[in-house]
Amino acid sequence: MLLDVRQGAQTEGTRLRLTLGAGASRLVRIPPGVAHGVRNLAASTGHVIYFTDVHFSPEPAMCDEGRLPWDYAGAEIWDVTRG
């Protein structure tokens, strides 16, 4: 799930849900300021390969990325929609 949280951006508030895996793997570039999360729908372990331009630091004072609550976009964003 991708959510544009960049204030003032033309695409602010835009959401995008992608279903990947089972032969549908893709490279996804996520711009700075776009919130993102992953949910594994399979019964088996999934793999996400995540490239960054800056090393992650768990220390809040050293962290260059914002943190949002898991339900920031609404808890229903994580519900599976079939169709």
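**Here we look at the environment of Pro60**
Right, so step 1: Considering the arrangement of structural elements, one finds Pro60 in the segment after strand 3 (34-36).
Right, so step 2: Taking the C-alpha atoms as reference points, Pro60 and Val80, 20 residues apart in sequence, are found 32 Å from one another.

**Quick look at the sheet that holds strand 2 (residues 15-16)**
Right, so step 1: Read across the sheet, three strands follow the order 2-1-3 without closing on themselves; strand pairing throughout is antiparallel. Every interior strand has two partners, whereas the edge strands, strand 2 and strand 3, have only one.
Right, so step 2: Where strand 1 (residues 2-4) and strand 3 come together, three bridges link them in antiparallel fashion. Note that in strand 3 the partner of Leu2 across the bridge is His36.

**Things to note about the environment of Thr45**
Right, so step 1: Note that Thr45 resides in the segment after strand 3.
Right, so step 2: The class for Thr45 is exposed, based on a relative accessible area of 65%.
Right, so step 3: Thr45 sits 13 residues away from Pro58 along the chain, and the two C-alpha atoms are 24 Å apart.

Rules used throughout
Residues numbered from 1 in each chain as written. Predicted model: local features only at pLDDT ≥ 70, side-chain atom pairs only at ≥ 80, totals over all residues. Heavy atoms only, no water. Helix = DSSP H or I, 4+ residues; strand = E, 2+ residues; numbered from the N terminus. Pairing = 2+ DSSP bridges. Buried < 20%, exposed > 50% of the residue type's maximum accessible area, 1.4 Å probe, protein only.

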